[in-house]
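The lines below spell out each chain.
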Amino acid sequence: MSEVEETLERVKVQAGVEGYLIADQDGTVLRRFPSMSQELAEAYAEAMKHLSKKSRNVVRDLDPKNELKYLRIRAKKHEVLVAFDKEFLVIIIQRWTPAS
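Since this is a predicted model, take the numbers as computed values, not measurements. (Residues numbered from 1 in each chain as written. Predicted model: local features only at pLDDT ≥ 70, side-chain atom pairs only at ≥ 80, totals over all residues. Heavy atoms only, no water.)

## Some details on the packing of aromatic side chains
Reasoning step 1: By the definition in use, this model includes one aromatic pair.
Reasoning step 2: With centroids separated by 5.3 Å and ring planes inclined at 85 degrees, the aromatic side chains of tyrosine 20 and phenylalanine 33 adopt a geometry described as edge-to-face. Placement of tyrosine 20 in strand β1 (residues 17–24) and of phenylalanine 33 in the loop between β2 (29–32) and α2 (38–62) is noted, with a sequence separation of 13 residues between them.
Reasoning step 3: The exposure class assigned to tyrosine 20 is buried, which follows from its relative accessible area of 5%. (Phe/Tyr/Trp six-rings, centres within 6.5 Å; stacked < 30°, edge-to-face > 60°. Helix = DSSP H or I, 4+ residues; strand = E, 2+ residues; numbered from the N terminus. Buried < 20%, exposed > 50% of the residue type's maximum accessible area, 1.4 Å probe, protein only.)

Here is the structure:
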């Protein structure tokens, strides 16, 4: 099993993880969580492609020597974690509930 497969297996069994996907920089979905529909995966990939590009540009505009590597977005029900490099986007969707 490759290192990528091992990592995806570890992510898959984490409590609260509802989906993940790996996409290339064009937003093409390369891998996705088994129960995640292709349409949903493509929607996340397209949205995060644009958001990550804009976010990276903002960080670079504020400090040209800095580079954004990771993005975390918390909404009412979910948290979306985005890690990216020059070739790929790794997106994890997890259930989020506020601390009581």
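## Considering the nonpolar core
Reasoning step 1: Of all hydrophobic cores here, the largest spans 25 residues; its most connected members are Leu21, Met36, Val80, Val82 and Ile91.
Reasoning step 2: Elements with a minimum of two residues in this core: α1 (3–12), β1, α2, β4 (78–84) and β5 (88–95).
Reasoning step 3: Setting aside its immediate chain neighbours within four residues, valine 80 contacts Tyr44, Met48, Leu71, Arg72, Ile73, Ile91, Ile92 and Ile93. (Core = buried A, V, L, I, M, F, W, Y, C linked by side-chain atoms within 4.5 Å. Contact = heavy atoms within 4.5 Å.)

## So, the environment of threonine 97
Reasoning step 1: Within the secondary structure, threonine 97 sits in the segment after β5.
Reasoning step 2: For threonine 97 and alanine 75, which are 22 residues apart along the polypeptide, the C-alpha to C-alpha distance reads 9.7 Å.

## Brief notes about the sheet that holds β5
Reasoning step 1: Pairing is antiparallel across the open sheet formed by five strands, whose spatial order is β2-β1-β5-β4-β3. Each of the sheet's edge strands pairs with one partner strand only, and the pair in question is β2 and β3 (70–74). Each adjacent strand pair in this sheet contributes to an overall mean axis angle of 15 degrees, direction not counted.
Reasoning step 2: Across five bridges, β3 lies against β4 in antiparallel orientation. Looking at the pairing, leucine 71 lines up with valine 82 of β4.
Reasoning step 3: Along the sheet face, α1 touches β1, β2 and β5 and points at about 155 degrees away from the line of β1. (Pairing = 2+ DSSP bridges. Axes fitted to C-alpha atoms, helices over the stretch in contact; angles between N-to-C directions.)

## Details of the layout of surface pockets
Reasoning step 1: Computed from the structure, the largest pocket encloses a volume of approximately 170 Å³.
Reasoning step 2: When residues of the lining of the largest pocket are traced back to their parent elements, those giving at least two are α1 and β5.
Reasoning step 3: Sorting elements by how many residues they give to the lining of the largest pocket places α1 first, with five residues.
Reasoning step 4: A class-by-class count of the residues in the lining of the largest pocket yields six nonpolar, one polar and one charged. (1 Å grid on protein atoms, 1.4 Å probe; cavity = no way out; pocket = protein on both sides within 12 Å on 5 of 7 lines; lining within 4 Å. Points joined across faces, edges and corners; volume = space filled by probe spheres on them. Nonpolar A, V, L, I, M, F, W, Y, C, P; charged D, E, K, R; others polar.)

## A closer look at the pattern of salt bridges
Reasoning step 1: Evaluation of the coordinates by the stated rule reveals five salt bridges.
Reasoning step 2: Across the pair lysine 49 and glutamate 46 runs a salt bridge, and its minimum N-O distance is 3.4 Å. One end of the pair, lysine 49, and the other, glutamate 46, are both in helix α2, three residues apart, so they sit about a helical turn from each other.
Reasoning step 3: Judged by relative accessible area, glutamate 46 falls into the partly exposed class, the value being 35%.
Reasoning step 4: A salt bridge links lysine 69 to glutamate 67; the shortest N-O distance between them is 3.6 Å.
Reasoning step 5: A relative accessible area of 46% means that lysine 69 is categorised as partly exposed.
Reasoning step 6: Among the ionic contacts, a cluster of salt bridges with common partners joins Arg72, Arg74 and Glu79. (Salt bridge = Lys/Arg side-chain N within 4 Å of Asp/Glu carboxyl O.)

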